[in-house]
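Here is how the chains run, residue by residue.
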Amino acid sequence: MKSLGESIPPTVMGHMSHYQPSDSLRYSLVERTYRMAWSTTALPSIFKASSMIIVLTPLEAEEMVTMGASPDFMHLFPGGLDDFAELVDRADARSFREKYGIPEDARVVAYLGTVEYRKNPLAVAKIARHFKDRRDVFFVVAGRLGDQWEEVKRAVRGLRNIVLIGELRDDEKVVLVKTSYLNIIMSLMEDFGLTQLEFMYGGVPVVTSAVYGQKWLVRNGVDGVHVNGPDDVNGAASAIEALLKDEEKWKEMSRNARKRARGFLFSKLMRELVERARAALGK
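Residues numbered from 1 in each chain as written. Predicted model: local features only at pLDDT ≥ 70, side-chain atom pairs only at ≥ 80, totals over all residues. Heavy atoms only, no water.

(A) Focus on the pairing of strand β6 (residues 162–166). Burial analysis of β6 places five of its five residues in the buried class, the great majority of the element. The side-chain alternation of β6 yields two buried faces, one formed by I162, L164 and G166 and the other by V163 and I165. Sheet topology places strand β5 (residues 137–142) next to β6; four bridges connect them, and they run parallel. Residue pairing for β6: V141 is matched across the bridge by L164. For the handedness criterion, the β-α-β arrangement of β5, helix α6 (residues 149–156) and β6 is classed as right-handed. (Buried < 20%, exposed > 50% of the residue type's maximum accessible area, 1.4 Å probe, protein only. Helix = DSSP H or I, 4+ residues; strand = E, 2+ residues; numbered from the N terminus. Pairing = 2+ DSSP bridges. Right-handed = clockwise from strand over helix to strand, strands pointing away.)

Here's what the structure looks like:
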């Protein structure tokens, strides 16, 4: 418009892709082909036009730099939340345990997310089987029905230490965080992990497959545990066992998790984004 003579105010183009690598574990050949075409044709043009390229994680930024983006234009804007810890502190864990038959003295290991192949909750059912004879640990699989629901339902049949409860209301989700000792996610692919951030904000350490953005969000041995990918059921079971035995280590990770998550408040992220936009405008 400016090149055609229009009088327009100073403008900042901030581009944020729903960017995901063309991963063969997640996408069909047709979908990967489409994503690769977009990344090699459209994205370089967008990079040239943008004053700011907004990314979820530093890993995403590194990939975009290899596609022609300038490192100077990168702005980190991960998923954020506000006031979640206060809601967790007010939640009633006792009624949640009673509703879903969770023993009062059992430590809860929770999965929360769509029950789908990509998120791999089936691995959580397999991990629960390692603890089937114990009363001190209980697994919860909660989330919207997806393409792995029936398979997970069959896998938990006969197990008394796990409950499959479907999609939760927002208030129930907060109570699940309050009730949990650990969060577990064995995803095949995870861009960032907003759900993990919510658990961390509630002081809940995360056991993760550590794929893509998860390996940056959750720090191994600091506020969670990385296992060797989505199929490492034995490694995840060992990580859970270790934290059940070592409460001091769990408390340290819990403190670190909450501190880490407080750096991702929307109020803070928006303030930084506005400051970056003003800088780009020269104000």
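(B) Broad picture of the pattern of salt bridges. Here the structure, examined in full by the defined rule, presents 18 salt bridges. A salt bridge links E241 to K245; the nearest nitrogen and oxygen atoms lie 3.6 Å apart. Taken together, the positions of E241 and K245, both in helix α10 (residues 233–245) and four residues apart, correspond to about one turn of that helix. Owing to a relative accessible area of 68%, K245 belongs among the exposed residues under this scheme. One network of salt bridges, with partners in common, ties together K99, R169, D171 and E172. (Salt bridge = Lys/Arg side-chain N within 4 Å of Asp/Glu carboxyl O.)

(C) Region of interest: a nonpolar patch on the surface. A grouping of F266, M270 and V274 is seen on the molecular surface, where their side chains present a nonpolar patch of about 230 Å² in accessible area. By the element assignment, V274 lies in helix α12 (residues 266–281). Residue classification places V274 among the partly exposed residues on the basis of a relative accessible area of 35%. (Patch = residues over 30% accessible without salt bridge, like charges linked within 9 Å, V, L, I, M, F, W, Y side chains within 5 Å. Areas by Shrake-Rupley, 256 points an atom, 1.4 Å probe, with all protein chains shown as cover.)

(D) Up close: unusual backbone geometry. Although it is not a glycine, A210 adopts a positive phi angle of roughly 60°. Mapping A210 onto the fold places it in the loop between β8 (206–208) and α9 (214–217). The backbone of Y212 sits at a positive phi, close to 45°, despite the residue not being glycine. Within the element layout of this structure, Y212 appears in the loop between β8 and α9. Accessibility expressed as a relative area gives 12% for Y212, which makes it buried.

(E) Spatial organisation of the packing of helix α5 (residues 121–130) against α10. Two elements in contact, α5 and α10, have axes separated by 9 Å at closest approach and are oriented at 55°. It follows that α5 is oblique to α10 by the angle criterion. Between α5 and α10 the crossing geometry is right-handed. The residues of α10 that touch α5, namely those facing A123, K126, I127 and H130, are V233, N234, A236, A237 and I240. Taken together, the residues of the contact of α5 with α10 sort by class into six nonpolar, two polar and one charged. (Axes fitted to C-alpha atoms, helices over the stretch in contact; angles between N-to-C directions. Parallel < 35°, antiparallel > 145°, perpendicular 65-115°, else oblique. Left-handed = near helix turned anticlockwise from the far one by under 90°. Contact = heavy atoms within 4.5 Å. Nonpolar A, V, L, I, M, F, W, Y, C, P; charged D, E, K, R; others polar.)

Any link to function would need more than the numbers given here.
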